[in-house]
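Remarks on the overall topology
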Amino acid sequence: MPYRFTFPLLVAAGVLISGTLSPSGQEAKTSSALTSQEKAAVLADHNKARRKNVPGNTGGPLRPLKWDDGLAAAAQTYAETLAKTQCGNGDHDPDLGDVGENLFSAGTTDPQAPPVSGAEAVASWVVEKADYSYPSNTCKPGADCGHYTQVVWRDTTKVGCGRATCNADDMFQTHWVCRYSPAGNMNTDTTKPY
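Residues numbered from 1 in each chain as written. Predicted model: local features only at pLDDT ≥ 70, side-chain atom pairs only at ≥ 80, totals over all residues. Heavy atoms only, no water.

For the structure shown, the criterion picks out five salt bridges. Residue D69 pairs with K39 through a salt bridge whose shortest N-O separation is 4.0 Å. With D69 in helix α2 (residues 69-85) and K39 in helix α1 (residues 36-51), this pair connects stretches of sequence that are 30 residues apart. On the basis of relative accessibility, which here comes to 26%, the residue K39 falls in the partly exposed class. (Salt bridge = Lys/Arg side-chain N within 4 Å of Asp/Glu carboxyl O. Helix = DSSP H or I, 4+ residues; strand = E, 2+ residues; numbered from the N terminus. Buried < 20%, exposed > 50% of the residue type's maximum accessible area, 1.4 Å probe, protein only.)

Helix length check: α1, at 16 residues, gives a terminal C-alpha distance of 22 Å against a target of 22 Å (1.5 Å per residue), a fit within 8%. Within α1 the residues assigned to the buried category are V42, L43, H46, N47, A49 and R50. Angular distribution of buried residues about the axis of α1 spans 155°; they occupy a single face of the element. The outward face of α1, more than 90 degrees from its buried face, is lined by the exposed residues Q37 and R51. On its buried face, α1 sits against β4 (66-67), α3 (118-126), α4 (146-151), β8 (158-168) and β9 (171-181). (Expected span 1.5 Å × (residues − 1). Arc of directions from axis to C-beta. Contact = heavy atoms within 4.5 Å.)

Turning our attention to the pairing of β8. Where burial is concerned, most of β8 is hidden: nine out of the eleven residues are buried. Pairing of β4 with β8, which is carried by two bridges, proceeds in the parallel orientation. Looking at β8, one finds that W67 is bridged to V159. Relative to β9, β8 runs antiparallel, the two being bridged by eleven bridges. Its bridge partner being in β9, A168 is matched across the sheet by M171. Hairpin geometry of β8 and β9 is characterised by an intervening segment of two residues between the two adjacent antiparallel strands and by a positive phi of about 50° at D169. (Pairing = 2+ DSSP bridges.)

Okay, the packing of α1 against α3 next. Each pair of packed helices can be summarised by the angle the axes make with each other and by the distance between the axes. One way to put it is that α1 packs onto α3 with a least axis distance of 9 Å and a crossing angle of 20°. Accordingly, the angle class assigned to the pair α1 and α3 is roughly parallel. Helix-helix and strand crossings are classified by hand; for α1 and α3 the assignment is right-handed. On α3, the residues that touch V42, D45, H46 and A49 of α1 are G118, A119, V122, W125 and V126. Of the residues in the contact of α1 with α3, the class split is six nonpolar, two polar and one charged. (Axes fitted to C-alpha atoms, helices over the stretch in contact; angles between N-to-C directions. Parallel < 35°, antiparallel > 145°, perpendicular 65-115°, else oblique. Left-handed = near helix turned anticlockwise from the far one by under 90°. Nonpolar A, V, L, I, M, F, W, Y, C, P; charged D, E, K, R; others polar.)

With that out of the way, let us pick up the state of the cysteines. Using the criterion set out here, one finds three disulfides in the structure. Covalently, C139 is tied to C145 through a disulfide, its sulfur atoms 1.9 Å apart. Across the disulfide from C139 to C145, rotation about the S-S bond amounts to roughly -90°, and the bridge is consequently left-handed. What makes C145 buried here is its relative accessible area of 3%. (Disulfide = S-S within 2.5 Å.)

Once that is clear, we can look at the environment of T157. Assignment of secondary structure puts T157 in the loop between α4 and β8. Residue class for T157 comes out partly exposed when judged on its relative accessible area of 26%. Between the C-alpha atoms of T157 and W67, which are 90 residues apart in sequence, the distance is 8.8 Å. For T157, the residues in contact, after removing those within four places along its chain, are R63, P64, L65, K66, S181 and P182.

Tallied over the full model, the rule gives two aromatic pairs. Considering the side-chain rings of Y132 and Y148, the 6.3 Å spacing of their centres and the 50° angle between planes classify their relative orientation as tilted. Residue Y132 is located in strand β6 (residues 132-133), and its partner Y148 is located in helix α4; the two are separated by 16 residues in the primary sequence. The class of Y132 is buried, set by a relative accessible area of 9%. Residue classification places Y148 among the buried residues on the basis of a relative accessible area of 1%. Ring geometry for Y134 against Y194: centres 5.1 Å apart, planes inclined by 10°, an arrangement best described as stacked. (Phe/Tyr/Trp six-rings, centres within 6.5 Å; stacked < 30°, edge-to-face > 60°.)

Below, the structure written as structure tokens:
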């Protein structure tokens, strides 16, 4: 029976949270850049999260993000790098610079399964809202909520995403990379996302 694994990962402005799998015998297959419909859907999912029930937000509505082709091109390049060099692994770009990055990987043993959608990637980050406490500006113990806070970071205005697929040891993996500018999760000891 086919099964699916998902791994949301985050890095933004030097904060690194990652999980890894150790594939052996990798065979990479990358997909092309996102279609205009996929871009619009991923952008819409980000903006839905920014306007819907943002706990603790008293500073007015969060501005909608705009799609940035430069961020998307860099995200696509890195997604393809992950697919070619680290299928099943989710290491963040060591040359990220001053942008934020959310990563999502999902795998299945079913070679006929479609690649994981951008909606699934964004949903995996937004579900972390349940683990975020605005009053204390912390995640629940043992939980990760940095993907969510990057999605809803008030000062972030642009996003661009890319996707690539690969195969390692009978696992068909999809890597999603979304990049954000300005980066969120800055000075999280004192700065709240909104």
